[in-house]
Structure formats: C-alpha cells, structure tokens
Amino acid sequence: MWLRPEEVLLKNALKLWVTEKSNDYFVLQRRRGYGEDSGGLTGLLVGTLDTVLDSTAKVAPFRILHQTPDSQVYWSVACGERDEISQHWDWLQQNIIRTLSVFDSGEDITSFVQGKIRGLIAEEGKSAGDEEDPERFREAVLRFERLFGLPQREKLVTYFSCSYWRGRVPNQGWIYLSTNFLCFYSYMLGNEVKLMYPWDEVSRLERTSSVLLAESIRVCVRGEDHYFSMLLRLQQTYLIMQQLAEYAIVRFFDKETFNAEHPLANPLHIMQKCVSFIPLALEIHARNQSFRSFFRLPQEENLCEVHESFLWVPFSHVNTLGKICVSENYLCFASQDGSQCHLIIPLWEVRILLIFLQATKNVMVKTSALEKKQHDEEGVMVGQSQAVSTEALMNVFHPHDAENLDPKMLKERMKEQSWQIHFAEYGRGSGMFCTKKTRDLIVRGVPETLRGELWMLFSGAVHDMTSHPGYYGRLLEECMGSSSLACDEIERDLHRSLPEHPAFQSDTGISALRRVLTAYAHRNPKIGYCQAMNILTSVLLLYAKEEEAFWLLVAVCERMLPDYFNRRIIGALVDQAVFEELIREHLTQLTEHMTDLSFFSSVSLSWFLTLFISVLPIESAVNVVDCFFYDGIKAILQLGLAVLDYNMDNLLCCHDDAEAVTVLNRFFDSVTNKDSPLPATVQQASATANDKSIQKVDISDLIKESYEKYGNIRTEEVENMRKRNKLYVIQTLEDTTKQNVLRVVAQDVKFSAAQLDELYMLFKRQHFVSCYWSVCSPALQNHDPSLPYLDQYQLDQSQFSSLFNLLQPWTTHTHVRSLARSAFRLLDANGDGLVNFKEFICGLGKRTIEKSVVFCPSGRAKVDLQEYLKQWQEDLQRREENIKDLPRINQVQFIGLTKTLYGVFHGTEEEESLYRAVARVTSLLLRMEEVGRKLQESSLQKTPQTTPTSTPQPETSPTLPTSPENETLAEGKGDQPESPASPQETAPSHSDITPTSTSRPSTPTSSPTGTSSPVLDTPTDTPSSPSAVRDGDWSFSFEQILASLLNEPSVVRFFERAVDTDSLIQNTALKAINPLPSSFSFSV
C-alpha cells in the first residue's frame, strides 16, 4: 500500500533491510528474514522479532524508498507483500520516472513525488472509505476505560500498536492517546506494564534515533524518559502527541495565550461529536495555524483548499512548482521551499479570473489586481474624539529633503530607485511577488521613505488594518480616559522610550505613544502592557502612521512573537532555548569552551525582546527590524549567531561571564550604519564611534554575513524547535514555582523534602483534575501566574475533600466527608473558599485538634506530648488570632463531635477502651457544664433588675447564626441537611445570653503532667441579659474538650500513633486519579 511520505532515519540501522532493485530515484528493499536469506542468523533474529510483535504492528516484508542523487535523506512511500510492492514499483517506473527528468533540483523532485503519493492515498481513501471501523474503535474505547479506570468524560483520541522500551527490553502493547492522558498497556509472558501520565506533566517530546532504536518517540515526564518505538505511523502519532501536550500546557499554565476556539477547548462539544472527529479536527487546526503563520494572515483566516500547482512567474518567464492555498479572503502561493517565491492576493482585489483548460489537464489562473490606493492623508483622522496623527514621526521631525546632495542621501536615492525598479517588475502592495531579490534588497537596507509601507506589507499588518476599518478609532473612544494598572505602567514608561530622539521629547510623540499602547492594552487585556513594548512601539511610530503602528504592534505581539509580551515572557524564553540549540549545532567551538550556555540566554534576552533596539543605535537597529518583518524570528536568531561568531576569539579568551558581557558590549558600541541618512541629532552612535582605534562594524555587512553563514536555517525547523522547547520551558518555570513554594513551606512542617515534593504534585494534580472535563473550571479560572507562588494553585472545598479523604488515615467511618469539610473551614484562614498549598500542608504536618479536627503527625517519630504542648503554645503566641477565640460548640455540635470520634475509633485495636474513654469524657463535660450553668443562674438571680425587659422570653430565644465557625463537624451535608437550626435543635451559648458578661463556665487548666482540674470563674456584677437562660441550654469551649481528652491515656496513644507517611502518600498517588474516588464529582 502507498504510505504518506515520511523521512526514514538511519536507513542502515542493524542492517534489517536488503536492497533488491534501485534506480536514481527509488529503492525497493526486502526485510531480512523473508525470502532467500531467511535461514541466516540475522534473518532468524529479525523474523523472531517480527513474530513476537503484535500482529497489527508487523513490518511489511517489502518497502519502497524515495531518494534523490544529491541527498542522503530517504522517504518511505510504499510497503506490502511481494505482489503488491511489485505493482507499485511498475507504476512508478511507468508514470513517474520519465517526469522526474524535467526537474533541475532534488528538492523539486522530492516535492513532486510527495505530492503524487499523497494524491494516490487520497484517491484510495475515497474509493475504499477513509473512516476507521467504528466497531473496532468502540472496542478500543471500552478496553481503554476498563484498563485505566478513567471516567467516560475522558475521550480517547486514537490508539496505536507500539513497543515501550524499558531499558533494553521492548514491551509490545498499545499506546492510547486521550484528551488529557498518555496511556500505555502491555501484557506479555505474565509481565504487565501500565503507564498513565497527564499531558500537563510532559516536559519533553521529540523524535529520536539511536543504534538500538532506529526510530522512536521520547517522552520525558517529571525527569524520567520513556521511549516508544512505532513500527507504523510514527509521524502521525508524534504529531498528535505534540498537539495534545501543547494544548494541555497552554490551557493549564499559559492562559494568556489560550485559544478558546481550539478543537479540545470545550469537553462538552467533544462528547457530542463523533470520536473520529478529534484527530481530523486537530489536523485541521494545525494546518490553519501553519497557514496563517507562514503567510502572516489574520487569525480569522482558515485554510479551505490546498493544491500543488505551477505558478507562471512573468519576470523570469518560468513555471515555479509550489502549492496554492485558498482561504475565505486570500489566494496564496508558495514555492516548494517557501523562499524562492511566495505571493498573497486578497480576493477582494481580484478583478479578472480566467481559467484555461488545456489538453494536458493543466489549469492556469490569471488574475488582475486593482492598483493599491495610496492615501496621502494630512492632519487628523475625521470622526474621532482623539487627535490621531496620520504622519510618521520621522516625516514630521525630519522631512525628506529632495535637494540634499549629501553622499549618504545619494545612496538613499539609489536604494529608492532599486525598489522602484523592483515594484515595476514584481508588483507593489499586497499582490507583490516576494523572491530572493526581495530579500537581497531587504538585507541592504530599506529606504527611509518606504520603511513604513514595507513593514506593513511583510508583517501582514496591512491585511489586519484593511479587514478592520475604523477599529483603532473605536478603541481610542472606549479606552482613553480610563484608569487601569496597565495605564499606570504605560505612563511610567512613556518618557523612557527613546528619550534621545526629538520626536519623544515633545508632546506629539509622547501622546501618540500613549494612545497606541493604551489602545492595545484595551484590545488585549491578557497581555495588557509589558516592558519593552514601549521601545518597540516608539520605533514603529517613527516610520509608520499611528494606526499603522498599532496594527504593526498587533502583528508583532500576537503573531510574529507569540507569548513574548506577557508576565512570564514564555515566548522569549522558548526562543532562548532555540538559540542555545542553534549555538550547539553551529558554534561547536564555543560550546566546547563554555559548558553552560545559559549565560547566552541571559545576555541575549534583551536582543529578542527589543529586536536589538536596546543594544544597537537606532540607525542600525532599524535595519534589523527590516529583516525581522520579512523573515520573522529566523532573522534575529541568525544575527545572534553572527554576533557570537564575530566575537568568537575574544569570547574564547574570557574567564568569566563578566568578561564576556564586556566583550559583547564593546562590539555593539562599534556597530555603525555608514549609509544612514539620518541627521546627527537623531543618530545614537556611542561615544566610541569617533575613536579610530576601535574597528567599526557596519550593520549591513553584519546582516549580510548572518544570511550567508546561517541563511540555511529554515523557518519550519525553527517552528519545530519552538514547539519542542515550549514544553520544557513551561515545565521549568513550574519547577521553579514548586521549589519556591517548598522552600517557604518547609520551615513550618516536619515532612522530608521528598515527601513535600510528592504532596505538592498531588495537590497540583488535584487542582487540575476538575479542569480536565470541565468547560469553566473554578480551579482553572483561579490559576494566575502573576499571583504569589503560594496562591497560584488553590483547591476549593470539593477538591480539598477528595484529596483529604485519600490522605487521612481514618477512612472507615461514616463521617469522613464531614471531617474533611470542617478541616477545610478551619484551614481556610482568609475565608475566600480556597486553600493554598501552605495552608493544606500545615494542616497535615501539624497535629491539630482545633474544632474537633484531629489529624495524624508526620509519622517519622512518636511526638512527645509535653514537647507538642510547648511548641503549640509558642505557635499560639506568634499567631495574631489566639486559638481561645474559637467559638463554643452547642448541643448538636457536641453530639456530632462524639459521633465523629466514635467513627474514627471504629475498627481499631483499642476500640472498646476508646469508646469507654469517649463516654467518660462526655459524662465529665456534661457534669462540668451542669455545675457551671447552676453557678451562672445563681449569679443572674443576684443581679439587680434594672429594666422591665429582664423577664424570661423563652419563645423569642435567638438561635446561633450559621457560619463556618459554628457549623457542626459530623452533622453536615453527608449526614443531614445544613439548614438554620430550630430553637428546639440549637441552643444559644452563654455569650449569646449575656454578651457583656465576663463570667465563663468552668475552664479546665492543664497541669504539667497532662492532667487537668476544673476552675470555675467567679462572675462579676453585670447588667442582665435581655433574655433569660432556658433550662437545658449548654455549650462547651475548646479548652474544656481538649483538657478532658488529654486525661484519657488511650485517646492520647491513639493520636500519638505514628503513621507511615511514605506509604500513605504512595497509595494516594495511585488512587488520586486511578481509580477516581467515589466521592469525587465532575462539573461540566
């Protein structure tokens, strides 16, 4: 059968294939173990390997590879049995070989062959049906749910047969790729292997090759590498895994760039769709992203059709092979490598469309675009409340002097003439042909008068502005005069933006800069305003009109430099990782000298954030911006490599980072632009510019050198490296957050570092569990990277209860939910309905019996009671709110406490003695309260009656208000409804009866030996309460209950019993998601 062309790595690995037929472009190979040499040792080994593997994953005995004479790269195009592969070989000989001779380059040949093979696959799919057997997929779904115990809301995307390598032993099984998890299952010869990892924990995902594993996928989860060897559909599996992992990372950790239109963004929508829709939707989404990124089109554009075709290039009178791409509003063409020629035609500019059908079944499309309207607007845009400049600031402060015969101005006119010739030959505006000649003109430098127009064209900002007429004016009307944090930050940085330039020493430039930045902050509140945006925008305003500068800023922030301008500058860090990877590949000598390349990441961060504007004079930096708008981030990476290469010898002599920084700073001071026509008052050349002892470097020469040495870096390679490194960068930021949290928390608890690490991962996973299958998860909405480290991940009550019930050692009694609910209320110190990790871990690490919440110690050693009480007293002194301020518990709450204790003690070795101890404590407390109540009544009778309202009013006795402090522990939602207690159920406490009285019932005081004796407070004369005490009303304080419990040795032994914390955490990690606790509920 025909295969979608995939690159074959290490074609001679292990000598598994033997060539039977070959020509200049194709090779037919037979796998060892089949045919004549099946009896040899190698043949037996390969045959045995293929027999052991799953039948669906067996490698076909024959395959056809495509290769060009000038390339070492092979592409698999077909596989099958001998008869089928012979038919494919004959078809290639008859239909393809003759056609390939007309191509001049190997790249053209490969592109043509790939297109033909894809066409054959598409035709076979239409005839045989492209959909997978639904019954077979349904069986896989049932098997997936049974093996991994995930809820039905977790949707299986696809599954493949593969080998999982544990060391040097392969485990043949099935890999299941679902919306939120990567799962693998294998059972061979009694050995079961089961893996299940959330996508949000994946830090590395890449294709690798080695001598043992010719082709495999490496997945790194929490520092551990896993290798999956795919014998079929390797590229398809890798792309789906990459999309799922990237989506999870962006959704959970990078909300600022989260795309709500992603196919997986709405889990409810996924459930209503056919499951086979998911892989197709992911593929379409990826194609749309690549299409918009390559042609710099608005985010609303989606790819409708793609066809391989020839474009007639009128200026060279040849046909160029490439692809024609059609969206809703644009017709685009790109040659096979994308660099020779590409063209963008807005469909609204098409006036004539002629189609000629020739005998060879070729289709030629001829279009005639309208001339681009040139707007020479002056003054202020009409119909807006804000005065908006319609002239570039450079034209206002330094108008072009046509009569100036200065040599620099003459060179500038020569550049303009070259561009005019280019426009006449290749077109101007949106329909211009972009070729290698265009890039050559860009490298030489764009004329000052054309810079704004070409920036708009190459960045795609012209398309955004055309499709959104009047948008900028409406934004200004909405946002100007408003107050926000972004506006305050903008005001603070306005006068720091190119302060040496005259344009920003006047109100004209400052006001324009303020309007553009404020309008963008209003347009995109997820980004708002970030440092370095002011520097970039000020340069844009110099050469573009105000509205054009706004759309250029939109193009840079949202399309060309994604994730750069946010709180964590993730995009810049990703490109730093790409830059390090390119240094290792191209500057090996520097890599060998410097073991740690992170220095270059830190020193080059400003290069990427400001496009070298912050380190180069403005007259040189604008040439870099020219290249950036044409080639994207590839131009910045190339220039960075050229800078390091130029200073290679000096960097190799450096002994520390400070010397290297000095070398690079001196180099940037020596960079000049000898052809710049800007006046001296505008140029920012350093003080060393006139020093003849320092060798000068012209920016045009430096850029030209970067293209000559590193121009072979392809944009597709850069994008792949970005995707590969984004997972690692975000997970590194998450690890930094974790280390900061653990460093703060470790001071307050006695857990080991390993235990804290495991507990943090459990807490974080619980934070995300409800996000997996929810449309609007509160946990996801509460996650904000700008918050302090401790508050970035928080649990609400239901999430806390699920994790708390798994970690607490008393899970057999019927009041676990009530216990978890009361523990949550106690730990939620600020009452916001959320518990952060510090609050959670302190509740586990300290033995707390406050408000009947009892929990185990850390479990490493038996805690001495006296030492605990002493430490507890010190903690109380440090706390602002004393524990004695806890409210008293009433009758119903006391009964609930007793039930909870009975439930906790149920099933223990000392169950009988513990029950008796609880009975004794209950009887003692009741007797103490009876004595205190009698004394209270006696005190009230002696109080003189001063008001007529002192008569008893039993019918209007108030009830306790419902609050987190006085709700019962055991009698909660799980046992009875939480509703306002009736007068018969809830009695008021003494503080409610006599709010101004300082008298208190008996308060036990603990002796040094742990015993207690009741001490009755003598009441003082106070005004009487408006309501009398009803017979039977009683309540207890925390001190009374604690002292009474400490008098019972069996109770003390029970709560001092050591718990194996490591085993408890390990069991919780296994049960946290698989299987899900029965008490856990999902919200959609």
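Residues numbered from 1 in each chain as written. Predicted model: local features only at pLDDT ≥ 70, side-chain atom pairs only at ≥ 80, totals over all residues. Heavy atoms only, no water.

## Here's the deal with the overall build of the chain
Consideration 1: From N to C terminus, the chain includes 40 helices and 25 strands.
Consideration 2: Burial statistics for the chain: of 1084 residues in total, 52% are counted as buried.
Consideration 3: Within the chain, contacts between residues at least 6 apart in sequence are counted, and of these 67% link residues at least 24 apart.
Consideration 4: Of the roughly 51,400 Å² of accessible surface on the chain, 52% is carried by carbon and sulfur atoms. (Helix = DSSP H or I, 4+ residues; strand = E, 2+ residues; numbered from the N terminus. Buried < 20%, exposed > 50% of the residue type's maximum accessible area, 1.4 Å probe, protein only. Contact = heavy atoms within 4.5 Å. Areas by Shrake-Rupley, 256 points an atom, 1.4 Å probe, with all protein chains shown as cover.)

## What about the packing of aromatic side chains?
Consideration 1: For the coordinates displayed, the defined rule picks out 37 aromatic pairs.
Consideration 2: Grouped by ring-pair contacts, the aromatic residues Phe579, Trp607, Phe608, Phe612, Tyr646, Phe667 and Phe668 constitute a single cluster.
Consideration 3: A cation over a ring is seen here: Arg143 above Trp174, with NZ or CZ 6.0 Å from the ring centre. (Phe/Tyr/Trp six-rings, centres within 6.5 Å; stacked < 30°, edge-to-face > 60°. Lys NZ or Arg CZ within 6 Å of the ring centre and 35° of its normal.)

## Side note on the sheet that holds strand 1 (residues 2-8)
Consideration 1: Pairing within the open sheet is antiparallel, and its five strands lie in the order 1-5-4-3-2. Strands with a single pairing partner mark the edges of an open sheet, and in this sheet they are strand 1 and strand 2 (17-22). Taken pair by pair, the neighbouring strands of this sheet meet at an average axis angle of 30°, ignoring direction.
Consideration 2: Both strand 1 and strand 5 (residues 74-80) contribute to a ladder of four bridges, which runs antiparallel. Directly across from Glu7, in strand 5, lies its bridge partner Trp75. (Pairing = 2+ DSSP bridges. Axes fitted to C-alpha atoms, helices over the stretch in contact; angles between N-to-C directions.)

## Points about the packing of helix 14 (residues 471-479) against helix 18 (residues 546-560)
Consideration 1: Between helix 14 and helix 18, the least distance of the axes is 10 Å, while the angle of their chain directions is 90°. Taken together, the axes of helix 14 and helix 18 are roughly perpendicular relative to one another. Taking contact as the criterion, the partners of Tyr471, Tyr472, Leu475 and Leu476 in helix 14 are, on helix 18, Glu546, Glu547, Phe550 and Trp551. (Parallel < 35°, antiparallel > 145°, perpendicular 65-115°, else oblique.)

## A closer look at the nonpolar core
Consideration 1: Membership of the largest hydrophobic core comes to 129 residues, with the highest contact counts inside it found for Phe458, Met533, Phe550, Phe565, Phe629 and Leu644.
Consideration 2: A per-element tally of this core places helix 18 first, with ten residues. (Core = buried A, V, L, I, M, F, W, Y, C linked by side-chain atoms within 4.5 Å.)

## Describing helix 28 (residues 715-745)
Think of an α-helix as 3.6 residues a turn; residues three or four steps apart then line up on the same face.
Consideration 1: Taking 1.5 Å per residue, 31 residues should reach 45 Å; helix 28 reaches 45 Å between its end C-alpha atoms and fits that length.
Consideration 2: At Asn725, helix 28 shows its largest bend, some 30°. (Expected span 1.5 Å × (residues − 1). Bend = angle between axes of the 7 residues up to and from the residue.)

## With respect to the sheet that holds strand 19 (residues 434-435)
Consideration 1: The strand order across the open sheet built from five strands is 13-14-15-16-19, with neighbouring strands paired in antiparallel fashion. One side of each edge strand has no neighbouring strand; the edge strands of this open sheet are strand 13 (303-313) and strand 19.
Consideration 2: Relative to strand 19, strand 16 (residues 341-346) runs antiparallel, the two sharing two bridges. Its bridge partner being in strand 19, Cys341 is matched across the sheet by Thr435.

## Concerning helix 35 (residues 891-905)
Consideration 1: In this model, helix 35 (15 residues) spans 21 Å end to end at C-alpha, consistent with the 21 Å of a helix rising 1.5 Å per residue.
Consideration 2: With eleven of 15 residues buried, helix 35 lies mostly within the body of the structure.
Consideration 3: Those residues of helix 35 that sit buried are Gln891, Gln893, Phe894, Gly896, Leu897, Thr898, Thr900, Leu901, Gly903, Val904 and Phe905.
Consideration 4: Between the side-chain oxygen of the N-cap and the backbone nitrogen of Val892 there are 3.3 Å, and the N-cap of helix 35 in question is Asn890.
Consideration 5: Following helix 35 by one or two positions, Gly907 adopts a phi angle in the positive range, close to 85°. (Polar contact = N/O pair within 3.5 Å; in protein donor to acceptor, adjacent residues only side chain to side chain.)

## Things to note about the pattern of salt bridges
Any two side chains of opposite charge can pair, so long as their charged atoms come close to each other.
Consideration 1: Tallied over the entire structure, the rule returns 35 salt bridges.
Consideration 2: It is possible to trace a salt-bridge network through shared partners that takes in Glu206, Arg218, Asp225, Glu581 and Arg724. (Salt bridge = Lys/Arg side-chain N within 4 Å of Asp/Glu carboxyl O.)

## Description of the packing of helix 11 (residues 436-444) against helix 27 (residues 699-710)
Consideration 1: At a closest axis distance of 8 Å, the pairing of helix 11 and helix 27 adopts a crossing angle of 145°. Contacts from Arg439, Val443 and Arg444 of helix 11 reach helix 27 at Ser700, Ile703, Lys704 and Tyr707.
Consideration 2: The class makeup of the residues in the contact of helix 11 with helix 27 is three nonpolar, one polar and three charged. (Nonpolar A, V, L, I, M, F, W, Y, C, P; charged D, E, K, R; others polar.)

## A closer look at unusual backbone geometry
Consideration 1: Its identity as a non-glycine residue notwithstanding, Ile569 has a phi of 40°, on the positive side.
Consideration 2: For Ile569, a relative accessible area of 18% gives the class buried.
Consideration 3: Residues other than glycine seldom take positive phi values, yet Leu611 does so here, at roughly 55°.
Consideration 4: Mapped onto the elements, Leu611 comes out in the loop between helix 22 (605-610) and helix 23 (618-631).

## Looking at the environment of Thr715
Consideration 1: By the element assignment, Thr715 lies in helix 28.
Consideration 2: Given a relative accessible area of 34%, Thr715 falls into the partly exposed group.
Consideration 3: Remark: the alpha-carbon pair of Thr715 and Phe294, spanning 421 residues in sequence, is separated by 8.7 Å.

## Focus on the environment of Gly711
Consideration 1: Mapped onto the fold, Gly711 is located in the loop between helix 27 and helix 28.
Consideration 2: For the pair Gly711 and Lys634, spaced 77 residues apart in sequence, the C-alpha separation works out to 8.7 Å.
Consideration 3: Dropping the residues within four chain positions of it, Gly711 is found in contact with Lys634, Gln638 and Ser706.

## A closer look at the confidence of the model for the chain
Consideration 1: Taken as a whole, the chain shows an average pLDDT of 75; of its residues, 71% reach a score of 70 or greater.
Consideration 2: Ranking the elements of the chain by mean pLDDT puts helix 37 (residues 990-993) last with 34 and helix 24 (residues 633-646) first with 96.
Consideration 3: Counted against residues more than four places away or in other chains, residues 52-57, with its pLDDT under 50, gives 15 contacts.
Consideration 4: Confidence drops under a pLDDT of 50 for residues 847-863, and excluding neighbours within four residues, the segment shows 63 contacts in the predicted structure. (pLDDT = per-residue confidence, 0-100.)

## Focus: the pairing of strand 8 (residues 181-188)
Side chains on a regular strand alternate between the two faces of the sheet.
Consideration 1: For strand 8, the buried fraction is high: six of the eight residues fall into the buried class.
Consideration 2: Examined bridge by bridge, strand 7 (residues 169-178) and strand 8 share four bridges and lie antiparallel to one another. Within strand 8, the residue paired with Ile175 across the bridge is Phe184.
Consideration 3: Linkage of strand 7 to strand 8, two consecutive antiparallel strands, is achieved through a turn of two residues.
Consideration 4: The pairing of strand 8 with strand 9 (residues 191-198) spans eight bridges and is antiparallel. Pairing of Phe181 across the sheet is with Pro198, part of strand 9.

## Here's the deal with a negative patch on the surface
Consideration 1: Together, Asp596, Asp656, Asp657 and Glu659 make up a negatively charged patch on the protein surface.
Consideration 2: Here Asp657 is to be found in helix 26 (residues 657-670). (Patch = residues over 30% accessible without salt bridge, like charges linked within 9 Å, V, L, I, M, F, W, Y side chains within 5 Å. Lys, Arg positive; Asp, Glu negative; His and termini not counted. Charge placed at Lys NZ, Arg CZ, Asp CG, Glu CD.)

## Some remarks on the environment of Gln891
Consideration 1: For Gln891, the position within the fold is in helix 35.
Consideration 2: Take Gln891: its relative accessible area is 16%, and that puts it in the buried class.
Consideration 3: Here the alpha-carbon distance between Gln891 and Phe1036, two residues 145 residues apart in the chain, equals 8.5 Å.

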